[in-house]
Amino acid sequence: MRFTILLFLGILTNAVAQQMTPENLISLIEQESDTLSISSNQIQFKVNNGLLICIFDENANRMRIISPIIERKKLTEDELLNALVANFHSVLDVKYALSDEIIWSVYTHPLKELTEGQVIDAIQQVYAAAITFGNSYSSTNLIFPGNSKKVIDTTKTRVLKKL
């Protein structure tokens, strides 16, 4: 009995102590990508000709995988609204975001707490969200239920009441 408890505690301690490192992150991305380029804390890679970028910061314990989609000026208001609806219903762990007038698919997570499975899943979701933008706006086959209509009627205005 004592041996079983010690064995269990040893396994639990080892599992908790494992942390994602930049070296492990690079290795996982290398396995999942077609091409790879590393510069300091930035990894640019391609998956099926789609450009993805991983940026990590060990000191801040953050990691981000992003993919550029389209310039903001090329979008209609409905497409932007569809992306916001998708952020709630169909892009799940990934979100659509605007930075430097580019729409991106973005996954963020604390670096050390990442698992190998989460890294692989994040790459797949960022890629899927980027290639489905303008169509199904999705990162997986899973969609959360609710009012997930794509095109939002912008002719109706709604006044928000102050609390």
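Quick caveat, the model's predicted, so the values are computed rather than measured.

**Q** I keep staring at the nonpolar core and nothing clicks. Help me out?
**A** Side chains of a nonpolar character, in soluble globular proteins, are inclined to be buried together. Residues Leu25, Phe45, Met63 and Ile65 are the most contacted members of the largest nonpolar core, which totals 30 residues. Sorting the residues of this core by element identifies helix H2 (22–32), strand E2 (42–47), strand E3 (50–57), strand E4 (62–71), helix H3 (77–89), strand E6 (102–109) and helix H4 (116–132) as the ones contributing at least two each. If you tally residues by element for this core, the top one is H4, at 6 residues. Once residues within four sequence positions are removed from consideration, phenylalanine 45 is found in contact with Ile29, Ser33, Thr35, Leu36, Gly50, Leu51, Leu52, Ile53, Cys54, Ile65 and Ile123.

**Q** Teacher, can you tell me more about the confidence of the model for the chain here?
**A** Low-pLDDT stretches of the model should not have their predicted coordinates read in fine detail. Across the chain, pLDDT averages 85, with 77% of residues at or above 70. Here residues 151–163 is a poorly scored stretch, pLDDT under 50, and it has 9 contacts once near neighbours within four places are set aside; other chains count.

**Q** When you look at the side chain of glutamine 125 in this model, what are you seeing that I'm missing?
**A** Locating glutamine 125 in the fold gives a position in helix H4. According to the relative accessible area criterion, glutamine 125 is buried, its value standing at 3%. A distance of 2.9 Å separates a polar atom in the side chain of glutamine 125 from a polar atom in the side chain of aspartate 93.

**Q** Any chance you could explain the environment of leucine 36 here in plain terms?
**A** Relative to the assigned elements, leucine 36 resides in strand E1 (residues 35–39). Assessed through its relative accessible area of 29%, leucine 36 is described here as partly exposed. Expressed as a C-alpha distance, the spacing of leucine 36 and valine 47, which sit 11 residues apart in the sequence, is 9.6 Å. Apart from residues no more than four positions distant in its own chain, leucine 36 is found in contact with Ile29, Glu30, Ile43, Gln44 and Phe45.

Conventions used here
- Residues numbered from 1 in each chain as written.
- Predicted model: local features only at pLDDT ≥ 70, side-chain atom pairs only at ≥ 80, totals over all residues.
- Heavy atoms only, no water.
- Core = buried A, V, L, I, M, F, W, Y, C linked by side-chain atoms within 4.5 Å.
- Buried < 20%, exposed > 50% of the residue type's maximum accessible area, 1.4 Å probe, protein only.
- Helix = DSSP H or I, 4+ residues; strand = E, 2+ residues; numbered from the N terminus.
- Contact = heavy atoms within 4.5 Å.
- pLDDT = per-residue confidence, 0-100.
- Polar contact = N/O pair within 3.5 Å; in protein donor to acceptor, adjacent residues only side chain to side chain.

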